[in-house]
Amino acid sequence: MFDNSVAQRIGQLHTESAFQILAKAKALEAQGRHIIHMQIGQPDFKTPQNIIDAANRAMNEGFTGYGPTPGLPEARTAIAEYAARHKGIKTSMEEVIVVPGGKPIMFFTMLMLINPGDEAIYPNPSFPIYESCIKFAGGIPVPYRLSAKNDFRLDIEEFKKLITPKTKLVLLNSPSNPTGGVFTRDDYMAIADVLRDRPDIFILADEIYDRLIFEGEVFSIASLPEFKDRTVILDGYSKTYAMTGWRLGFGIMHPDLVSHMEMLMVNSCSCTSTFSQIAGIEALKGPQDSVDIMREAFIERRNYLVEALNGIDGITCCMPKGAFYVFPDISSFGLKSKEFAERLLDEFGVAAAWGTAFGEYGEGYMRLSYANSLDNIKIAVDRLEQFTKTL
Ligand code: PLP
């Protein structure tokens, strides 16, 4: 209903299939089926107690009203200090904007920088919202392929060929969703070499998984002084601190871009929940042992899962170096990845995302999120193996 009434721009938006798969898996559970959830990018841990306590204290102390649109000064300062410490970027609170989750930085950046007809180069497969937001802003999405043969790092020669006079924005996401690939410092240097003489091209660096790098180093392209002013960093608390439902994220960018983004914030959200921001200060400044425990658990699950998947005839899976996803190649079974994932859920009760949910170059793959207990992961692998034997 209303398909002919809603504004045309709404037709440019696409969904995130992981949420659709979740809804279907829940519906099957409601019918009494036992489902293992490997489809959603959400840590299965509870938010650390010190952060919950800080939010409770903040509410009791009166942080329940509107706050400044770009964020509480103390929250912005804590983020700037964190960025200096963790990402090696010299920054200050004027360059920080606090928003409800990591996603708004994506949406706002496209609305702020892309004019109709501008090209935005983005990884494929990747988080589906990138392409959706580029199109919504009237831009032309130009995919760069991430492929397993290259450990899901970018092929710089291919990347170079995609730059045109119309290129306005380049999206980087390391560690990557859905592949778990991590760019090396050399990859960043090569990208910097390609973009150096095109100061008109901006970069959106999605660093939301950069506390979950298992092999390799943390590196932000904004730590290169000549790239700082034209980079927008997207980051947040969802993945690192198991805070997906708190809706708390931030962007780091030139203060003039912060002012423009502030206009988008004031016209949409007004501000970010103030008690969440106070809890976010505790997250960044308080003890980090919960983050280390979650990280270790992810590494143990990843190691198990990759070995187990490679032990199934017909599946090959490269070792992801970060995030909490594996992206195995299932092309040998001859099914489209969507059909493979749908049948795996319908027939064997394992919910996974199909590769093409992340773009056309995801065909032949599926994404399994290992944000689930090792026991459940073992059941999922057994069921997956049984499924493959039926094909
Ligand atoms: N960027 C990437 C690559 C993601 O995978 C996600 C969430 O899955 C986000 C951004 C958005 O994070 P948030 O839930 O904080 O909006």
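Residues numbered from 1 in each chain as written. Predicted model: local features only at pLDDT ≥ 70, side-chain atom pairs only at ≥ 80, totals over all residues. Heavy atoms only, no water.

K.L.:
Account for the overall build of the protein chain, naming residues and giving values.
P.N.:
What the protein chain contains, in helices and strands, is 13 helices and twelve strands. Its C-alpha radius of gyration of 21 Å places the protein chain within 12% of the 21 Å reference for a compact globule of 391 residues. Structurally, the protein chain occupies a C-alpha span of about 60 × 55 × 50 Å along its principal axes. Summarising the internal contacts of the protein chain: among those between residues at least 6 apart in sequence, 75% fall at separations of at least 24. (Helix = DSSP H or I, 4+ residues; strand = E, 2+ residues; numbered from the N terminus. Rg over C-alpha atoms; globule rule 2.2 N^0.38 Å. Contact = heavy atoms within 4.5 Å.)

K.L.:
Describe the packing of helix α4 (residues 103–113) against helix α9 (residues 255–268), and please don't skip the residues or the numbers.
P.N.:
The description of two packed helices rests on the angle between their axes and on the distance between the axes. Viewed as axis vectors pointing N to C, α4 and α9 meet at an angle of 115°, and their least axial separation amounts to 10 Å. Regarding the angle of α4 to α9, the classification is roughly perpendicular. Regarding α4 and α9, the two cross each other, and that crossing is right-handed. On the side of α4, the interface is formed by Ile 105, Phe 108, Thr 109, Leu 111, Met 112 and Leu 113, while α9 contributes Leu 257, His 260, Met 261, Leu 264, Met 265 and Ser 268. Of the residues assigned to the contact of α4 with α9, the class counts are nine nonpolar, three polar and no charged. (Axes fitted to C-alpha atoms, helices over the stretch in contact; angles between N-to-C directions. Parallel < 35°, antiparallel > 145°, perpendicular 65-115°, else oblique. Left-handed = near helix turned anticlockwise from the far one by under 90°. Nonpolar A, V, L, I, M, F, W, Y, C, P; charged D, E, K, R; others polar.)

K.L.:
How would you explain the side chain of Asn 372 if you had to name every residue and give the values?
P.N.:
For Asn 372, the position within the fold is in the loop between β12 (366–369) and α13 (374–389). Under the relative-accessibility criterion, Asn 372 is labelled buried at 10%. Not counting the four nearest positions on each side in its chain, Asn 372 is found in contact with Ile 36, His 37, Met 38, Asp 44, Arg 301 and Ile 377. (Buried < 20%, exposed > 50% of the residue type's maximum accessible area, 1.4 Å probe, protein only.)

K.L.:
Describe helix α7 (residues 185–195), and please don't skip the residues or the numbers.
P.N.:
Taken residue by residue, α7 has Asp 187, Tyr 188, Ile 191, Ala 192, Val 194 and Leu 195 as its buried positions. Buried residues of α7, seen end-on, are gathered within an arc of 160° and therefore sit on one face of the element. Opposite the buried face of α7, by more than 90 degrees, sit the exposed residues Asp 186 and Asp 193. Looking at the buried residues of α7, the elements they touch are α6 (156–162), β5 (167–173), β6 (202–206) and α8 (225–228). (Arc of directions from axis to C-beta.)

K.L.:
Explain the domain arrangement of the protein chain to me, and be specific about the residues and the numbers.
P.N.:
Where interface size is given, it is often the accessible area lost as the parts come together that is meant. In terms of domains, the protein chain is made up of domain 1 (8–46 + 289–388) and domain 2 (49–285). Relative to domain 2, the C-alpha centre of domain 1 lies at a distance of 25 Å. At the interface, 37 residues of domain 1 touch 37 residues of domain 2. Summed over both sides, the interface between domain 1 and domain 2 buries roughly 3400 Å², with carbon and sulfur atoms accounting for 59% of that surface. When the buried area of domain 1 at its contact with domain 2 is split by residue, Lys 321, Phe 358 and Tyr 361 rank highest and sum to 21% of it. Inspection of the region where domain 1 meets domain 2 yields three salt bridges. For the salt bridge of Lys 103 with Glu 16, the shortest nitrogen-to-oxygen distance reads 2.7 Å. (Domains from an automatic or database assignment. Buried area = accessible area lost by both parts, 1.4 Å probe. Salt bridge = Lys/Arg side-chain N within 4 Å of Asp/Glu carboxyl O.)

K.L.:
Now, about the sheet that holds strand β9 (residues 325–326): what can you tell me, with residues and values included?
P.N.:
Ordered in space as β9-β12-β11, the three strands form an open sheet in which the pairing is antiparallel. Of all strands in the sheet, those with a lone pairing partner are β9 and β11 (353–354), marking the two edges. Bridge analysis of β9 against β12 gives two bridges, and the strand direction is antiparallel. Across the sheet, residue Val 326 finds its bridge partner in β12, namely Leu 368. (Pairing = 2+ DSSP bridges.)

K.L.:
Give a detailed account of the nonpolar core, specifying residues and quantitative values.
P.N.:
Counting residues in each nonpolar core, the largest one holds 66 residues, and the members touching the most others are Ile 105, Met 110, Leu 169, Leu 204, Met 253 and Leu 309. With seven residues, the top contributor of residues to this core is helix α11 (residues 289–310). Residues from two domains meet in this core; each of domain 1 (8–46 + 289–388) and domain 2 (49–285) gives at least three. Among all residues touching Leu 309, those that are not within four sequence positions of it are Ile 315, Cys 317, Val 326, Pro 328, Leu 368 and Leu 384. (Core = buried A, V, L, I, M, F, W, Y, C linked by side-chain atoms within 4.5 Å.)

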